[in-house]
Amino acid sequence: MISYDECVSEIQTLLAQSHAGGSIVPPESDLIDELGLASLDVMELIEALEDRFDVAFPINELGDVRTIADLAKRIQTLT
Amino acid sequence: MSLLQKLDAARDFQDQLGQLGVNAIGATIDVTGSATEGKIEGKRVILAGTNNYLGLTFDPACIEAAAQAVRTHGTGTTGSRLANGTYAGHAALERELSVFLGTRSAIAFTTGYVANVGAISTLAGPGDVIMLDADSHASIYEGAKLSGAEIYRFRHNDPADLDKRLRRLGDRCARTLVIVESLYSMLGDVAPLDQFCEVVKRHGAFLLLDDAHSFGIMGETGRGLAEALGIEDEIDFVTGTFSKSLGSVGGFFASRKHDVAPLRSQIRAYMFTASSTPSVIASTRAALKRVAQGQALRSQLWRNCQRVHEGLTSLGFKLGAAPSPVIASLMDSPEHAATAWQVLLDAGVYVNLVVPPGAPKNLSLLRCSLSAAHTDEQVEQIIEGYAAVAQRLFDQPRAAATAYG
C-alpha cells in the first residue's frame, strides 16, 4: 500500500498542472467548490490516478469525494 | 440550502446560454413539410441537424402505414406492455426486428433512451461491474447508475485502455458488462468495434453495443457497424433506436447469443411505462422494410457525407472525425459556435449548436447531420452556409468577437 502523503502529493502535482496554476494547494481544498473542477475534470483526475497507481476507482464513489484528502484516502485503500 | 436553489442555478445556466445571443436550448421548428426542409422563426431552412439519416419521416409507405394504424387502432394504447399495451403490431415488430438482426429475440421500448436505461439497469446489478466508454450517451450513464453495479470508465474509443482496466478487475470480468456505441452522436466518430470485441472476449466479459447511430446506415443490409465488420456474432447484446434511420420513436434490446425475452418481466422501464402508439409501431415496421432494401438510400447518404466533409474541410473547418452522417465542426469557443449557428440559420441552414457541458471534452460544436433525402442542391446550400460562417469567423474574427464577446 502506498502512503497517504505520497497519494496527496501526486494529486497536488496533477492539480498544479491542470487547475491550480502551478501552485500546490492544501489537502483540505474542495475539488469543486474551491478549485473549480467540473465533474468531468474530477473523473479525468481519477483516471490519471488510476494509471499512476494501477488501481480501479468506481465512479459511483465520486459523490463521496469532496477534498484532495478524501480522494487520497480512498485511492490509498485501493492500492 | 433550499430545494428551490436548484431552480435558481438552472435559471442562471439558461441566462449564461442566453448571453451567447441565440436560443441555444433549442430552436422551435414551426413546420417541417418534408424530411429536409422546415420553417424556423418564419424562415424556410434546410434541416441538417435532425438525425433523419435515411429521410424516412416522410416516406409515403411509412406515412400511409401510420395513418391506417391510427384509424384502425386509435391514437394510443393507454397502457404498458405487460398490461393492455401489447397489440399485434408490437409483437410483429419485435419478430421482424429479430429476423432482420438475426437475434434470438428482441424487445421494443417506447424510446431509445428507455431501452438503454431498462436493458443496462436489468442486465447488471449490485455486485456486478459496468465498464463504459467515457463518451457514452446519458442514457447509458443513467442505466449504469440505476443498476447498482460498480461503474468504471475507460478512455473514449481506446481498446488498450479498456484492456488495462479489465486486467485490473481480474476474475470480476466474468461479472462485467462493457458498453460501447457504434457511431458517437456528437463527434461522428466510429468505435474500433472489432478491437473492443477481441479485448472483451479475451477477458471473459460481456459486450453491449448501443447501435443507435449506425443502425440502418452501415452494413450491406443496414444492420449497422457490426454487420459492416462481419462480427455480429461476437456482440452479446445490442440496443438501438427507431428515432434515427427509422424516422419514428422507440428503441430495442436484442441479442444473437442470449435470449433476452424473459427479461420482459424484470425490466421496469418496460413494465411501468406506456407502450408505443400503434401509428408509431406501424411506421417503424414500414421503415424497417425500407432499411432492409435500402442500399440506394445508404449509397446516397454516404455520397452526401463525403461531399459535405470535403466541402467543410476545404473551407478550413476543423472536423471531429472522418466522413460520417454526423459532421461536427470544432469551434474555438461557445461564442464562436453561437455566432456560426446564427450565420447558418440566416443562410437557411439549421444545424445543432452544442456547447459545454453538452459536448464531450468541453468542446463547442456545430453538429451537422446529413440525410439520404438531401438533394445535391441542398448539399451545396449547406456548404454555402458554412462558407458564410468561414467568411465571418475565419476572415474577420474580430468582428465576430465584438458582436458576441
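From N to C terminus, chain A includes three helices and zero strands. Listing the helices and strands of chain A from first to last along the sequence gives α-α-α. Taken over C-alpha atoms, the radius of gyration comes to 11 Å for chain A, in line with the 12 Å a tight globule of 79 residues would show. Split into buried and exposed, the 79 residues of chain A put 20% on the buried side. For chain A, the proportion of contacts with a sequence separation of at least 24, taken over those separated by at least 6, is 56%.

Residues and elements named next belong to chain B. Counting buried positions over the five residues of strand β9 (residues 237–241) gives five, a clear majority of the element. Here β9 shows a buried face lined by F237, T239 and T241 and a second buried face lined by V238 and G240. Relative to β9, strand β8 (residues 206–210) runs parallel, the two sharing three bridges. Its bridge partner lying in β9, L209 is registered against V238. Judged from the four bridges that link them, β9 and strand β10 (residues 251–255) form a sheet pairing that is antiparallel. Bridge pairing in β10 links G240 to F252.

Another point: the environment of D346 of chain B. All names here are of chain B. By the secondary structure assignment, D346 is in helix α12 (residues 334–346). Residue class for D346 comes out partly exposed when judged on the 14 C-beta atoms lying within 10 Å of it. The sequence separation of D346 and A388 amounts to 42 residues, and the corresponding C-alpha distance is 9.6 Å.

With that settled, the discussion passes to the confidence of the model for chain B. Residue and element names in this part refer to chain B. On average, residues of chain B carry a pLDDT of 93, and 96% of them reach 70 or more. Contacts of residues 396–405 to residues separated by more than four positions or lying in other chains number 11 contacts, the stretch itself having pLDDT below 50. Interface predicted TM-score (ipTM) for the complex: 0.88; the corresponding pTM is 0.93.

The subject of this paragraph is the interface of chain A and chain B. Listed by partner, the interface residues are eight residues for chain A and eight residues for chain B. The residue makeup of the side of chain A that touches chain B, split by class, is six nonpolar, one polar and one charged.

A few words now on unusual backbone geometry. Phi at D54 of chain A is positive, roughly 55°, even though this residue is not glycine. On the neighbour-count criterion, D54 of chain A (11 C-beta atoms within 10 Å) is exposed. In this model, N157 of chain B sits at a positive phi of 55°, which is unusual for a non-glycine residue. Among the structural elements, N157 of chain B can be located in the loop between β6 (150–154) and α6 (159–169).

Right, let's talk about the sheet that holds strand β3 (residues 43–47) of chain B for a bit. Residues and elements named next belong to chain B. Ordered by their spatial adjacency, four strands build an open sheet running β1-β2-β3-β12, and the pairing between neighbours is mixed. Looking at the sheet topology across the chains shown, the edges are occupied by β1 (29–31) and β12 (349–350). Taken together, the two bridges between β3 and β12 define a ladder with parallel strand orientation. In the strand pairing of β12, L47 is matched with Y350.

The next thing to look at is the sheet that holds strand β7 (residues 176–181) of chain B. Residue and element names in this part refer to chain B. Here we have seven strands laid out as an open sheet, ordered β4-β10-β9-β8-β7-β5-β6, and mixed in their pairing. For this open sheet the edge positions go to β4 (105–109) and β6, each flanked by a neighbour on one side alone. The average undirected angle you get between the axes of adjacent strands in this sheet is 20°. In this fold helix α3 (residues 88–101) packs onto β4 and β10, with an angle of close to 130° to the strand it touches most, β4.

Looking at chain A, the pLDDT average stands at 90 and 100% of residues meet or exceed 70. Across chain A, the element-wise mean pLDDT spans from 89 in helix α2 (residues 39–53) of chain A up to 93 in helix α3 (residues 68–78) of chain A.

Residue and element names in this part refer to chain B. Under the domain assignment used here, chain B contains domain 1 (20–54 + 295–404) and domain 2 (60–292). One C-alpha centre belongs to domain 1, the other to domain 2, and the line joining them spans 28 Å. Facing the 18 residues of domain 1 at the interface are 16 residues of domain 2. Secondary structure elements with two or more residues in the side of domain 1 that touches domain 2: α11 (295–314), β11 (326–331) and β14 (364–369). Among the elements that line the side of domain 1 that touches domain 2, the one with the most residues is β11, at three residues. Residue composition of the side of domain 1 that touches domain 2, grouped by class: 12 nonpolar, four polar and two charged.

Cut-off values and rules
Residues numbered from 1 in each chain as written. Chains lettered and ligands numbered in written order. Predicted model: local features only at pLDDT ≥ 70, side-chain atom pairs only at ≥ 80, totals over all residues. Helix = DSSP H or I, 4+ residues; strand = E, 2+ residues; numbered from the N terminus. Rg over C-alpha atoms; globule rule 2.2 N^0.38 Å. Buried ≥ 20, exposed ≤ 12 C-beta atoms within 10 Å, placed from the backbone. Contact = placed C-beta atoms within 7 Å. Pairing = 2+ DSSP bridges. pLDDT = per-residue confidence, 0-100. Nonpolar A, V, L, I, M, F, W, Y, C, P; charged D, E, K, R; others polar. Axes fitted to C-alpha atoms, helices over the stretch in contact; angles between N-to-C directions. Domains from an automatic or database assignment.

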